[in-house]
Amino acid sequence: MTFPLYLVLFPYYFFLAIFAIMALIDVYHLARFSSVNFGSFLATFLFLSGTIYILYWTFSVLSPIDFQQIVTTFQNFTLNPPLY
Amino acid sequence: MNYSTIIRQKSYEHIIYVLRQSPWMLAPRVIVLIILMAVGYGVFFLLKLVTPDVFFHPLWGVLLLLLGSIYALTVWLFFYTSLINYFLDLWIITNDRIVSIDQRGLFSRTMSELDLYRIQDVTSESHGLFATIFYYGKLTAQTAAAKDFFIFDNVQNPHHMREEIIRLADEDRKYHAQAAQM
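Residues numbered from 1 in each chain as written. Chains lettered and ligands numbered in written order. Predicted model: local features only at pLDDT ≥ 70, side-chain atom pairs only at ≥ 80, totals over all residues.

Going by what an unreviewed UniProt entry lists, chain B is known as DUF304 domain-containing protein and is assigned to Candidatus Magasanikbacteria bacterium GW2011_GWC2_45_8.

Shown next as structure tokens:
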């Protein structure tokens, strides 16, 4: 089976979208229910800093990779069992 | 801090205490975060040690790095969500009532209130080594009706807060008695 490598990024982008929605719901809850204080502000700041750090780490390790390359996998994969 | 919007504060009412769980309750969350992050790093370094070639594979190397990123972000988000639950779980004590806001997960929230003048019994409990050292425990406020009671776990200074609630309940009872005579 061959396919371009950038296809593996689509599930990752989907996960990032879910992550962003959940994070926004968290922040919305804080603001909506009047729980904005120094502690919650610090927690949100640390959360955003950590998120940026993880995303930066991901970007830095993936940036040298050529995602346009075609990869081949499951070369010997077949749905038909071998006949003996 | 504007809590008046969430409790619909009455004109004569003012907020006296806002109680949250003891800050020591954040410690288990931080420990779980450290363990989960350590497990992630452990698996990463174990794979690097056992099969270093897999990281140079054009497909599996990329998949492993993306999975590592997803794992780290998921753990980080769960940690933040547990902190949000901590901040949203509170008791607001006014001169008229106690409003309990119980946050269970991100989409489950229970709000209930108890009039101070109806409170008959307040109990504070502190069990265990850590609760004794760090001075937190359980606070229970109960009315004459057996089913009307509030429980707030792991609150800081539970014995002091019990005395304060009893004092406020007495004051509120006097206020209501005077209002009834007029």
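A few words on the packing of helix α1 (residues 9-32) of chain A against helix α3 (residues 60-88) of chain B. Look at α1(A) against α3(B): their axes get within 10 Å of each other, and the N-to-C directions meet at 10°. In terms of orientation, α1(A) and α3(B) fall into the roughly parallel class. Viewed along their axes, α1(A) and α3(B) form a crossing whose handedness is left-handed. Of α3(B), the residues touching α1(A) (which contributes A:Tyr12, A:Phe15, A:Phe19, A:Met22, A:Ala23, A:Asp26, A:His29 and A:Leu30) are B:Leu66, B:Ile70, B:Leu73, B:Leu77, B:Tyr80, B:Thr81, B:Ile84, B:Phe87 and B:Leu88. (Axes fitted to C-alpha atoms, helices over the stretch in contact; angles between N-to-C directions. Helix = DSSP H or I, 4+ residues; strand = E, 2+ residues; numbered from the N terminus. Parallel < 35°, antiparallel > 145°, perpendicular 65-115°, else oblique. Left-handed = near helix turned anticlockwise from the far one by under 90°. Contact = placed C-beta atoms within 7 Å.)

Moving on, we come to the UniProt feature "transmembrane region" (unreviewed entry) in chain B. According to UniProt, the positions carrying the feature "transmembrane region" (unreviewed entry) are residues 26-47 and 59-88 of chain B. Across residues 26-47 of chain B one finds 100% helix and 0% strand; the C-alpha atoms that close the span lie 32 Å apart. (UniProt positions renumbered as here; feature names shortened; annotations may be inferred.)

Residue and element names in this part refer to chain A. Within this structure's numbering, the places UniProt gives as "transmembrane region" (unreviewed entry) are residues 12-31 and 38-59. Within residues 12-31, the helical portion is 100% and the strand portion 0%, while the C-alpha atoms at the span's ends are 29 Å from each other. The distance separating the terminal C-alpha atoms of residues 38-59 is 31 Å; by composition the span is 100% helix and 0% strand.

A separate point is the interface of chain B and chain A. Many structure descriptions define interface size as the accessible area lost when the parts assemble. Residue-level contacts link 24 residues of chain B with 29 residues of chain A. Looking at the side of chain B that touches chain A, the elements with two or more residues in it are α1 (4-7) and α3 of chain B. Per-element accounting of the side of chain B that touches chain A gives the leading share, 16 residues, to α3(B). When grouped by side-chain class, the residues that make up the side of chain B that touches chain A number 20 nonpolar, four polar and no charged. (Nonpolar A, V, L, I, M, F, W, Y, C, P; charged D, E, K, R; others polar.)

Turning our attention to the sheet that holds strand β7 (residues 149-156) of chain B. All names here are of chain B. With antiparallel pairing, the three strands of this open sheet are ordered in space as β5-β6-β7. The open sheet is flanked by β5 (119-125) and β7, the only strands paired with a single partner. Mean inter-strand twist for the sheet, computed between neighbouring axes without regard to direction, equals 15°. Alignment of strand β6 (residues 136-143) against β7, held across six bridges, turns out to be antiparallel. Looking at the pairing, Tyr136 lines up with Gln156 of β7. (Pairing = 2+ DSSP bridges.)

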